[in-house]
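These are the residues of each chain, in order.
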Amino acid sequence: GHDLTELYAVSDLRRSLLPRELGSEDVPGMDGALFTGARLGVRTTTLTLTARAKDMGRRQQLARQLAEILNVSEPRPLQVSIDDGLWLMAVPSSGTDATRWLNATSFEVEFVSHDPLMRGDERTVTVPSGGSVTFTVGGSAPTMPLVAAPAARDGSGGAWILTLDGGMYLAASVPSAAALEADCEGRTLTVNGETALLRPDADWLVLEPGMHTLAMTGTGAASVKFTERWV
């Protein structure tokens, strides 16, 4: 919620393009190593923020204000104007000494994104009661939705089911009309506000970029909210 460029000059933007953790195992008699897999690692964004003022007291005031802004206890959205509206969840840190110039004081700040994927538009699609909906997921990385059905109820198979592209499905037992909410990223399911379990044969929904169809077994229209994600 803070526009840092209103109070500070921003310079020296540096960030990792594609941090990856590569796995390998040494194999006796084999040259090199056996590749065992790769995954995205932690992404960092580093920049310099400069407080400019002739008065030393004013510069110190700006420094304290910056520390207050950066003093967060959990990841917060970090958006840089060159990213066309995309943003990262990040935790800031500034542990190095300031650089003091004539009428200016500079601080190097590192923003650490433990979730390395950028986020874009938040979208919501509605699955009609007992029906289906076809939609497109943008971005370049998978996303996991939040499903909410204010009056879900089991179908003829004895469960309320939301099936993705005829394969993976979310399923819960809802014998009478009840409010259902499934957070697929947080892996939590509630029915009428009480924690519930997915059926053993079900799984949390993962939306890959591209076109998809969600079909409902049972009744009770459901909203499916997701945030498009980018590498």
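Notes on the structure in this doc start here. Given the structure is predicted, the values throughout are model-derived calculations rather than measurements.

About the cut-offs
- Residues numbered from 1 in each chain as written.
- Predicted model: local features only at pLDDT ≥ 70, side-chain atom pairs only at ≥ 80, totals over all residues.
- Heavy atoms only, no water.
- Pairing = 2+ DSSP bridges.
- Helix = DSSP H or I, 4+ residues; strand = E, 2+ residues; numbered from the N terminus.
- Axes fitted to C-alpha atoms, helices over the stretch in contact; angles between N-to-C directions.
- Patch = residues over 30% accessible without salt bridge, like charges linked within 9 Å, V, L, I, M, F, W, Y side chains within 5 Å.
- Areas by Shrake-Rupley, 256 points an atom, 1.4 Å probe, with all protein chains shown as cover.
- Salt bridge = Lys/Arg side-chain N within 4 Å of Asp/Glu carboxyl O.
- Buried < 20%, exposed > 50% of the residue type's maximum accessible area, 1.4 Å probe, protein only.

So, the pairing of strand 17 (residues 210–217)
Where a strand is regular, its side chains alternate between the two sheet faces.
Okay, so step 1: Here strand 10 (residues 132–137) pairs with strand 17 via six bridges, running antiparallel. Bridge pairing in strand 17 places S132 opposite A215.
Okay, so step 2: Bridge analysis of strand 12 (residues 160–164) against strand 17 gives four bridges, and the strand direction is antiparallel. Opposite I161, over in strand 17, you have T217 as the bridge partner.

As for the sheet that holds strand 13 (residues 169–172)
Okay, so step 1: Taken together, the four strands give an open sheet; going across it, the order is 10-17-12-13, and neighbouring strands pair in antiparallel fashion. Looking at strand neighbours, the two that pair on one side only are strand 10 and strand 13, the edges of this open sheet. The sheet shows a mean angle of 15° between the axes of neighbouring strands, direction not considered.
Okay, so step 2: Both strand 12 and strand 13 contribute to a ladder of four bridges, which runs antiparallel. Pairing of T163 across the sheet is with Y169, part of strand 13.

Overview of the sheet that holds strand 14 (residues 178–183)
Okay, so step 1: What the six strands build is an open sheet, ordered 9-18-11-14-15-16; its pairing is antiparallel. A strand with exactly one partner marks an edge of an open sheet, and here the two such strands are strand 9 (118–127) and strand 16 (194–195).
Okay, so step 2: Pairing geometry for strand 9 and strand 18 (residues 222–230), over eight bridges, is antiparallel. Bridged to M118 within strand 18 is W230.

Considering a nonpolar patch on the surface
Okay, so step 1: A cluster of nonpolar side chains, namely L17, L18, L40 and V231, defines an oily patch on the protein surface of about 370 Å² accessible area.
Okay, so step 2: In this fold, L17 is placed in the loop between strand 1 (9–15) and strand 2 (20–25).

Considering the pairing of strand 4 (residues 43–52)
Okay, so step 1: In terms of residue burial, strand 4 counts as a mostly covered element, since eight of its 10 residues are buried.
Okay, so step 2: Pairing geometry for strand 1 and strand 4, over five bridges, is antiparallel. Bridged to R14 within strand 4 is T46.
Okay, so step 3: When strand 4 meets strand 8 (residues 104–113), the two strands line up antiparallel, connected through 10 bridges. Paired with T44 across the strands is V112, a residue of strand 8.

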